[in-house]
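As a plain string of letters, each chain reads:
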Amino acid sequence: MGLLAMASAKGSPGVTTASMLFAALWPRPSIMVECDPSGGDVALRMPGADGEPLDTNPGLLNLVAAGRRSLYADLVRQHTEQIIGGLEVITGMTTPEQAAGLGQWEPLGALFSELPGTDSVVDLGRIGAGTPQNAILASASAVVLVVDTVPSNVVHLRERLRKVSDGLGGEAGAPLHVVVVAPPKRSRAVAEIRDAIVQSQTPVEAVHHLAHDTTGAAFFLGQVTGSPARTALVRSAQPIVDALAARTAGAFLPADRAVEVTS
Ligand SMILES: Nc1ncnc2c1ncn2[C@@H]1O[C@H](COP(=O)(O)OP(=O)(O)OP(=O)(O)O)[C@@H](O)[C@H]1O
Ligand SMILES: [Mg+2]
């Protein structure tokens, strides 16, 4: 089915957190895949469904090793683990050195975008000119760039949006969304980023506001207490996930290219 590619242009705005969160809220069967060449975090943060530390053996590196001759969907099932809360994940590499030798990014994108009955939410980490995981973007049904409100990071975002949009084929390509991580009351900052994007004339389909919420984010650091569903983070994520899931549901809906803000 579809592949939702999640990435940042600068800083650490919360891509891994948002990737886990979006996959967990996804309305169809989904897996979260860590394809950040700088190294995965999920196995370091999240316990398994049984409360024990995750085993990094199944993860991405071993999937690629097992699929040296050909990558096929069953390998994904064999290298998937369940984390606490029930989310299915493929954990990333533990060191950047492992990523350097991977060399399989494009076929991995094709694999994760064609899983029978399952969508994948793929954490690409920070993307830039020539980062190897860019090859996965070619298989994306939709692309999300995550940004915080630090002004210099927003400048980097605009430059990266233009490059990613060109790589996706502009208006005709996969839809490009921006997720701004900002405190719930700072919707004005999100609107300003939206305006900057409109002025740069990049074909971005929507700019969303994801709550900066330490309580909700702590759940994705493995500090599982209380009900995450009631946190500002999860409540702000649900409409974003619904919009993205609609755009990755096989046949794309006709695109209204006007930039909208959801908050
Ligand atoms: N929406 C949020 N609200 C509050 N804190 C957040 C949010 N998202 C992430 N964080 C916190 O920010 C830190 C970095 O988050 P995360 O690892 O998701 O970012 P990243 O962009 O994937 O970073 P990296 O560049 O290391 O891959 C973590 O401590 C996380 O708990
Ligand atoms: Mg990350």
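Scoring rules and cut-offs
Residues numbered from 1 in each chain as written. Chains lettered and ligands numbered in written order. Predicted model: local features only at pLDDT ≥ 70, side-chain atom pairs only at ≥ 80, totals over all residues. Helix = DSSP H or I, 4+ residues; strand = E, 2+ residues; numbered from the N terminus. Rg over C-alpha atoms; globule rule 2.2 N^0.38 Å. Buried ≥ 20, exposed ≤ 12 C-beta atoms within 10 Å, placed from the backbone. Contact = placed C-beta atoms within 7 Å. Pairing = 2+ DSSP bridges. Right-handed = clockwise from strand over helix to strand, strands pointing away. Expected span 1.5 Å × (residues − 1). Arc of directions from axis to C-beta. pLDDT = per-residue confidence, 0-100. Axes fitted to C-alpha atoms, helices over the stretch in contact; angles between N-to-C directions. Parallel < 35°, antiparallel > 145°, perpendicular 65-115°, else oblique. Left-handed = near helix turned anticlockwise from the far one by under 90°. Nonpolar A, V, L, I, M, F, W, Y, C, P; charged D, E, K, R; others polar. Core = buried A, V, L, I, M, F, W, Y, C linked by C-beta atoms within 7 Å.

S.K.: How do you make sense of the overall build of the protein when you look at a structure like this?
M.R.: When helices and strands are tallied, the protein shows ten helices and nine strands. Taken over C-alpha atoms, the radius of gyration comes to 17 Å for the protein, in line with the 18 Å a tight globule of 263 residues would show. Across its three principal axes, the protein shows a C-alpha extent of roughly 45 × 40 × 35 Å. Across the 263 residues in the protein, those meeting the buried criterion constitute 47%. Taking the contacts inside the protein whose residues are at least 6 apart along the sequence as the reference set, 78% of them involve residues at least 24 apart.

S.K.: Before we go on, may I ask you to explain the environment of Ser236 in this structure?
M.R.: By secondary structure assignment, the location of Ser236 is in helix 10 (residues 232–247). Between the C-alpha atoms of Ser236 and His209, which are 27 residues apart in sequence, the distance is 7.2 Å.

S.K.: I tried to follow the pairing of strand 7 (residues 176–182) on my own but got confused; where do I start?
M.R.: Within a regular strand, the side chains alternate between the two sheet faces. Across the seven residues of strand 7, seven count as buried, placing the element largely inside the fold. Side chains Leu176, Val178, Val180 and Ala182 of strand 7 all project onto a buried face; the interleaved residues His177, Val179 and Val181 project onto the opposite face, where all are buried too. Relative to strand 7, strand 6 (residues 142–147) runs parallel, the two being bridged by five bridges. Bridging across to strand 7, Val144 finds its partner in His177. For the segment spanning strand 6, helix 7 (residues 151–168) and strand 7, crossover handedness is right-handed. As paired strands, strand 7 and strand 8 (residues 206–211) are joined by six bridges and run parallel to one another.

S.K.: I keep staring at helix 7 and nothing clicks. Help me out?
M.R.: Each turn of an α-helix holds 3.6 residues, which means side chains three or four residues apart point in the same direction. Taking 1.5 Å per residue, 18 residues should reach 26 Å; helix 7 reaches 25 Å between its end C-alpha atoms and fits that length. Those residues of helix 7 lying buried are Val154, Leu157, Arg160, Leu161, Val164, Ser165 and Leu168. Buried residues of helix 7, seen end-on, are gathered within an arc of 140 degrees and therefore sit on one face of the element. For helix 7, the exposed residues set more than 90 degrees away from the buried face come down to Ser152 and Asp166. Against the buried residues of helix 7 lie strand 6, strand 7 and helix 8 (187–199). In the stretch just after helix 7, Gly169 is the one whose phi turns positive, near 95 degrees.

S.K.: Teacher, can you tell me more about the confidence of the model for the protein here?
M.R.: In the predicted model, the protein carries a mean pLDDT of 90, and 95% of its residues have values of at least 70. In the model of the protein, strand 9 (residues 260–262) stands out as the element of lowest mean pLDDT, 54, in contrast to helix 1 (residues 15–25), which has the highest, 98. Overall, residues 251–259 carries pLDDT values under 50, and its contacts beyond four positions in sequence, including any with other chains, amount to 14 contacts.

S.K.: Honestly, the packing of helix 1 against helix 10 in this entry has me stumped. Any pointers?
M.R.: The angle between the axes and the distance between the axes are what describe a pair of packed helices. At their nearest, the axes of helix 1 and helix 10 sit 9 Å apart, and the two run at 70 degrees to each other. Overall, the two elements helix 1 and helix 10 adopt an arrangement that is roughly perpendicular. Of the two elements, helix 1 crosses helix 10, and the hand of that crossing is right-handed. Taken together, the residues of helix 10 that come into contact with helix 1 (itself represented by Leu21, Phe22 and Leu25) are Leu233, Val234, Ala237, Gln238, Val241 and Leu244. The residue makeup of the contact of helix 1 with helix 10, split by class, is eight nonpolar, one polar and no charged.

S.K.: In this structure, what is going on with the packing of helix 7 against helix 8? I would like to understand it.
M.R.: Viewed as axis vectors pointing N to C, helix 7 and helix 8 meet at an angle of 35 degrees, and their least axial separation amounts to 11 Å. In this structure, helix 7 crosses over helix 8, and the sense of that crossing is right-handed. Here helix 7 contributes Val154, Arg158 and Leu161 to the contact with helix 8, which in turn contributes Ile193, Ala196 and Ile197.

S.K.: Is there a simple way to explain unusual backbone geometry in this structure?
M.R.: Glycine aside, the phi torsion of most residues is negative, and most peptide linkages are trans. The backbone phi angle of Gln201 is positive, close to 55 degrees, even though this residue is not glycine. The residue Gln201 is located in the loop between helix 8 and strand 8 in this model. Overall, Gln201 belongs to the exposed group, with 9 C-beta atoms counted inside 10 Å.

S.K.: Quick question: what am I supposed to make of the nonpolar core here?
M.R.: Most often, soluble globular proteins have nonpolar side chains that are buried together. Ranked by internal contacts, the top residues of the largest apolar core, which has 78 residues, are Ala5, Met6, Phe22, Val122, Val143 and Leu145. For this core, the element with the most residues is helix 1, which contributes eight residues. With residues up to four places along the chain from it excluded, the contact list for Val143 reads Ala5, Leu137, Val164, Leu168, Ala174 and Leu176.

S.K.: Looking at this structure, how should I read the pairing of strand 1 (residues 3–8)?
M.R.: Of all the six residues making up strand 1, six are buried; the element is thus mostly covered by neighbouring parts of the structure. Of the two faces of strand 1, the one lined by Leu3, Ala5 and Ala7 and the one lined by Leu4, Met6 and Ser8 are each fully buried. Of the strand pairs in this sheet, strand 1 and strand 5 (residues 119–126) are connected by five bridges, and their pairing is parallel. Each bridged residue has a counterpart across the sheet, and for Met6 the counterpart in strand 5 is Asp123. Pairing analysis gives five bridges linking strand 1 to strand 6, with the strands arranged parallel. Pairing of Ser8 across the sheet is with Val146, part of strand 6.

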